[in-house]
Amino acid sequence: MNRTPGLSVRLKFTLSYAGFLLVAGAVLLAVVWVFLLRYVPNQDGQDALTPFGPSRDDLLRAFVPAAAWASLVLLAFMVVGGWLLAGRMLAPLDRITRATRRAATGSLSHRIELEGRRDEFRELADSFDVMLARLEAQVAEQQRFAANASHELRTPLAITQTLLDVARNDPRGESAELIERLRTVNLRAINLTEALLLLSRTGQGTFEREAVDVSLASEEAVEALLPLAEKRGVTIEISGAITVTDGSHTLLLQLVTNLVHNAIVHNLAHEGSVWVKTETDAQHAVLIVENTGAQLSPHLVATLTEPFQRGSARTRTDDSGVGLGLAIVESISRAHDGSLAIEPRPGGGLRAVVRLPALLR
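How each quantity is defined
Residues numbered from 1 in each chain as written. Predicted model: local features only at pLDDT ≥ 70, side-chain atom pairs only at ≥ 80, totals over all residues. Heavy atoms only, no water. Helix = DSSP H or I, 4+ residues; strand = E, 2+ residues; numbered from the N terminus. Buried < 20%, exposed > 50% of the residue type's maximum accessible area, 1.4 Å probe, protein only. Contact = heavy atoms within 4.5 Å. Areas by Shrake-Rupley, 256 points an atom, 1.4 Å probe, with all protein chains shown as cover. Salt bridge = Lys/Arg side-chain N within 4 Å of Asp/Glu carboxyl O. Pairing = 2+ DSSP bridges. Patch = residues over 30% accessible without salt bridge, like charges linked within 9 Å, V, L, I, M, F, W, Y side chains within 5 Å. Axes fitted to C-alpha atoms, helices over the stretch in contact; angles between N-to-C directions. Parallel < 35°, antiparallel > 145°, perpendicular 65-115°, else oblique. Left-handed = near helix turned anticlockwise from the far one by under 90°. Nonpolar A, V, L, I, M, F, W, Y, C, P; charged D, E, K, R; others polar.

A. Structural detail: the overall build of the chain. Helices and strands together make up the secondary structure of the chain, namely 8 helices and 7 strands. By the burial criterion, 33% of the 361 residues in the chain qualify as buried. Within the chain, contacts between residues at least 6 apart in sequence are counted, and of these 69% link residues at least 24 apart. Total accessible area on the chain is roughly 22,900 Å²; 58% of this is exposed by carbon and sulfur atoms.

So, in structure tokens, the structure goes:
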């Protein structure tokens, strides 16, 4: 941004400091004049009792030049002292400015680390250090996410290229089988792209809010995923009362769908179970999704909300998703001012708890 050059803050402080003290000195001289010199008689008004005493005119001739010179010396002292004092006081601000300029060039690894006791400048420096740390973490996360996304997108494209090369080199090959395999790979690439777009949309928080009953969204999601559950031999139990929050129905439905889909796919091979429950406490609308499954360590569970992360025992199948399910759930929860907590169940499987601000009626 181009701005017209102006006086520096240091110079402004110096002039303000000098001007204030100069006015204070002038007031002091006025007080001396009012309360001291007015009691000294003029030369014409002296009587015989004080023939040799100094008159007011004598005092003025002696006092005014000395006061003028003292004022000039004091003004010079105030300007120099104010300049040095302002420089010392604004030194932390100069460090903050240099750090800000470095951050503007893309360097986020440095910190101000302003020493000394807490004051306004040090609180500003500490806040700026915290901001730099968060920005650095977010940039690193975005870079890691971009690298993972590129890797995930490259896989179906490479498979498609291989299939096309095989078909070109073998004209007698079965086209029906090739088309079906290409359709499957292309569908996976489409699903991955849509998941990335949804994750980006929820991160921006650009959506219209309305009253949403999470219990109805849960019933809708379970009904849509019931054929998949029956195919895998998983039973779903849903319970709970009306649970209303403020948000996007489409995104919250996607949140519940991802949780239930994740619970169905990553379950026992036979006779698995999924429990979906909604409830309301004093301030939150709560959604709880639990499932049976393999025993998971807390360390592994802590990484499952990161994009493209899967458990070590989880295999990629046609229904296993693209590794963004829980990442999208966490992003939607944050966009609705809520939170996602996941933990391993003692008997195996996962327990996911989503807390959203309750909309009281």
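Resuming the write-up.
B. Geometry of unusual backbone geometry. Backbone geometry places Glu-113, a non-glycine residue, at a positive phi of 50°. Tracing the backbone shows Glu-113 in the loop between helix H2 (56-104) and helix H3 (120-169). Positioned with a positive phi, Asp-337 is a non-glycine residue whose angle comes to about 60°. Counting through the fold element by element, Asp-337 comes out in the loop between helix H8 (325-335) and strand E6 (339-344).

C. Looking closely at the pattern of salt bridges. Counting across every chain of the model gives 10 salt bridges. Between Glu-136 and Arg-111 there is a salt bridge, and its shortest N-O distance comes to 2.7 Å. Of the two residues, Glu-136 sits in helix H3 while Arg-111 sits in the loop between H2 and H3, which places them 25 residues apart along the sequence. One salt bridge connects Glu-290 with Arg-351, and the closest N-O pair in it is separated by 3.6 Å.

D. Inspection of the pairing of strand E7 (residues 350-357) at higher detail. As paired elements, strand E5 (residues 284-291) and E7 share 8 bridges and run antiparallel to each other. Within E7, the position partnered with Val-289 by the bridge is Ala-352. In terms of strand pairing, E6 meets E7 through 6 bridges, oriented antiparallel. The partner of Ser-339 across the bridge, within E7, is Arg-355. The turn joining E6 and E7, which pair antiparallel and follow one another in sequence, is formed by 5 residues; a positive phi near 110° is taken by Gly-348.

E. Examining a nonpolar patch on the surface more closely. Together, Val-23, Val-27, Val-31, Trp-33, Val-34 and Phe-35 give the surface a local cluster of nonpolar side chains, amounting to about 540 Å² of exposed area. Position of Val-23 among the secondary structure elements: in helix H1 (residues 9-35).

F. How the structure looks around the sheet that holds E7. Read across the sheet, 5 strands follow the order E2-E4-E5-E7-E6 without closing on themselves; strand pairing throughout is mixed. What marks the edges here is a single partner per strand, and that holds for strand E2 (234-240) and E6. For this sheet, the mean angle separating the axes of adjacent strands, direction not counted, is 10°. The strands that helix H5 (residues 214-232) touches are E2, strand E4 (272-280), E5 and E7; relative to E2, the one it contacts most, it runs at about 170°. Relative to E5, helix H6 (residues 249-265) is tilted by about 20°, and along the sheet it contacts E2, E4, E5 and E7.

G. Structural context of H8. In terms of burial, H8 is a largely internal element, 8 of the 11 residues being buried. Just beyond H8, the residue with positive phi is Asp-337, at close to 60°.

H. Quick peek at the packing of H5 against H6. Packing of H5 against H6 leaves a shortest axis separation of 9 Å and a crossing angle of 25°. Classified by the interaxial angle, the pair formed by H5 and H6 is roughly parallel. For the pair H5 and H6, the sense of crossing is right-handed. Between H5 and H6, the residues in contact are Ala-217, Ser-218, Glu-220, Ala-221, Val-222, Leu-225, Leu-228, Ala-229 and Arg-232 and His-249, Leu-253, Val-256, Thr-257, Val-260, His-261, Ile-264 and Val-265, respectively. Looking at the contact of H5 with H6 residue by residue, the classes come out as 11 nonpolar, 4 polar and 2 charged.

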